[in-house]
Amino acid sequence: MTKRKILSRVVDAKILAIYELDQFIDYIHTVDPELNLNQSIAVAAVALHNLPELFQRNPLLMEHLTETAATIKRQGHRNTQRSTN
(Lines give C-alpha, C1' and ligand atoms only; values in the text may rest on other atoms or scores of the structure.)
Protein backbone atom coordinates (compact mmCIF):
# COMPACT_ATOMS: atom_id res chain seq x y z
CA MET A 1 0.00 0.00 0.00
CA THR A 2 1.37 3.40 -0.88
CA LYS A 3 2.00 6.12 1.67
CA ARG A 4 -0.66 8.23 -0.03
CA LYS A 5 -3.33 5.52 0.44
CA ILE A 6 -2.38 5.10 4.09
CA LEU A 7 -2.60 8.85 4.70
CA SER A 8 -5.94 8.95 2.89
CA ARG A 9 -7.33 6.26 5.20
CA VAL A 10 -6.05 8.13 8.25
CA VAL A 11 -7.70 11.34 7.05
CA ASP A 12 -10.95 9.45 6.40
CA ALA A 13 -10.84 7.96 9.91
CA LYS A 14 -10.20 11.38 11.45
CA ILE A 15 -13.12 12.87 9.52
CA LEU A 16 -15.36 10.09 10.83
CA ALA A 17 -14.17 10.70 14.40
CA ILE A 18 -14.80 14.44 14.08
CA TYR A 19 -18.28 13.80 12.68
CA GLU A 20 -19.12 11.45 15.58
CA LEU A 21 -17.75 13.94 18.12
CA ASP A 22 -19.94 16.64 16.61
CA GLN A 23 -22.95 14.32 16.90
CA PHE A 24 -22.06 13.65 20.55
CA ILE A 25 -21.84 17.38 21.26
CA ASP A 26 -25.30 17.80 19.73
CA TYR A 27 -26.55 14.94 21.93
CA ILE A 28 -25.13 16.63 25.04
CA HIS A 29 -27.07 19.74 24.12
CA THR A 30 -30.30 17.67 24.06
CA VAL A 31 -29.50 16.39 27.56
CA ASP A 32 -29.10 19.97 28.81
CA PRO A 33 -30.50 22.50 26.31
CA GLU A 34 -29.36 25.40 28.53
CA LEU A 35 -25.71 24.68 27.65
CA ASN A 36 -24.18 26.92 25.03
CA LEU A 37 -21.89 25.44 22.37
CA ASN A 38 -18.68 26.09 24.31
CA GLN A 39 -20.14 24.42 27.39
CA SER A 40 -21.38 21.43 25.38
CA ILE A 41 -17.90 21.00 23.91
CA ALA A 42 -16.35 21.20 27.39
CA VAL A 43 -18.75 18.51 28.66
CA ALA A 44 -17.80 16.33 25.68
CA ALA A 45 -14.11 16.82 26.49
CA VAL A 46 -14.67 15.72 30.09
CA ALA A 47 -16.65 12.69 28.88
CA LEU A 48 -13.85 11.73 26.47
CA HIS A 49 -11.30 12.12 29.24
CA ASN A 50 -13.29 9.74 31.45
CA LEU A 51 -13.95 7.10 28.76
CA PRO A 52 -10.99 4.83 29.60
CA GLU A 53 -12.15 4.49 33.20
CA LEU A 54 -15.73 3.89 32.07
CA PHE A 55 -14.60 1.06 29.79
CA GLN A 56 -12.39 -0.43 32.50
CA ARG A 57 -15.28 -0.49 34.97
CA ASN A 58 -17.81 -1.93 32.54
CA PRO A 59 -16.90 -5.34 31.09
CA LEU A 60 -19.77 -5.25 28.57
CA LEU A 61 -18.58 -1.96 27.14
CA MET A 62 -15.01 -3.28 26.98
CA GLU A 63 -16.22 -6.43 25.22
CA HIS A 64 -18.13 -4.35 22.68
CA LEU A 65 -15.05 -2.18 22.13
CA THR A 66 -12.77 -5.16 21.51
CA GLU A 67 -15.35 -6.77 19.18
CA THR A 68 -15.63 -3.53 17.22
CA ALA A 69 -11.84 -3.29 16.99
CA ALA A 70 -11.62 -6.90 15.74
CA THR A 71 -14.30 -6.22 13.10
CA ILE A 72 -12.52 -3.11 11.87
CA LYS A 73 -9.18 -4.95 11.73
CA ARG A 74 -10.75 -7.73 9.65
CA GLN A 75 -12.31 -5.20 7.28
CA GLY A 76 -9.01 -3.35 6.98
CA HIS A 77 -7.17 -6.60 6.27
CA ARG A 78 -9.64 -7.42 3.50
CA ASN A 79 -9.28 -3.94 2.04
CA THR A 80 -5.49 -4.29 2.10
CA GLN A 81 -5.69 -7.65 0.33
CA ARG A 82 -7.95 -6.19 -2.37
CA SER A 83 -5.66 -3.24 -3.01
CA THR A 84 -2.59 -5.46 -3.39
CA ASN A 85 -4.26 -7.95 -5.76
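Model, not experiment: these values are computed from the prediction.

Caption draft 1: Just the overall build of the protein chain, in detail. What the protein chain contains, in helices and strands, is three helices and zero strands. Mapped from its N terminus to its C terminus, the protein chain presents α and β elements in the order α-α-α. For the protein chain, the proportion of its 85 residues judged to be buried stands at 7%. Carbon and sulfur atoms form 62% of the exposed surface of the protein chain, whose accessible area is close to 7300 Å².

Caption draft 2: Examining the packing of aromatic side chains more closely. Considering all chains together, one arrives at one aromatic pair under this definition. With a centroid separation of 6.5 Å and 20° between ring planes, the pair formed by Phe24 and Tyr27 is classed as stacked. Of the two residues, Phe24 and Tyr27 are both situated in helix α1 (residues 3-31); the distance of three residues between them amounts to about one turn of the helix. For Phe24, a relative accessible area of 33% corresponds to the partly exposed category.

Caption draft 3: Representation of the confidence of the model for the protein chain in the model. Of the residues in the protein chain, 88% reach a pLDDT of 70 or more, and the chain-wide mean stands at 89. Of all helices and strands in the protein chain, the one with the weakest mean pLDDT is helix α3 (residues 59-84) (81), whereas helix α2 (residues 37-57) scores best (97). Segment residues 80-85: pLDDT under 50, and four contacts once partners within four positions in sequence are set aside and those in other chains are kept.

Caption draft 4: Layout of the pattern of salt bridges. Following the criterion strictly, the structure yields one salt bridge and no others. Arg57 is paired through a salt bridge with Glu53; the nearest N and O atoms lie 2.9 Å apart. One end of the pair, Arg57, and the other, Glu53, are both in helix α2, four residues apart, so they sit about a helical turn from each other. Residue class for Glu53 comes out partly exposed when judged on its relative accessible area of 39%.

Conventions adopted
- Residues numbered from 1 in each chain as written.
- Predicted model: local features only at pLDDT ≥ 70, side-chain atom pairs only at ≥ 80, totals over all residues.
- Heavy atoms only, no water.
- Helix = DSSP H or I, 4+ residues; strand = E, 2+ residues; numbered from the N terminus.
- Buried < 20%, exposed > 50% of the residue type's maximum accessible area, 1.4 Å probe, protein only.
- Areas by Shrake-Rupley, 256 points an atom, 1.4 Å probe, with all protein chains shown as cover.
- Phe/Tyr/Trp six-rings, centres within 6.5 Å; stacked < 30°, edge-to-face > 60°.
- pLDDT = per-residue confidence, 0-100.
- Contact = heavy atoms within 4.5 Å.
- Salt bridge = Lys/Arg side-chain N within 4 Å of Asp/Glu carboxyl O.

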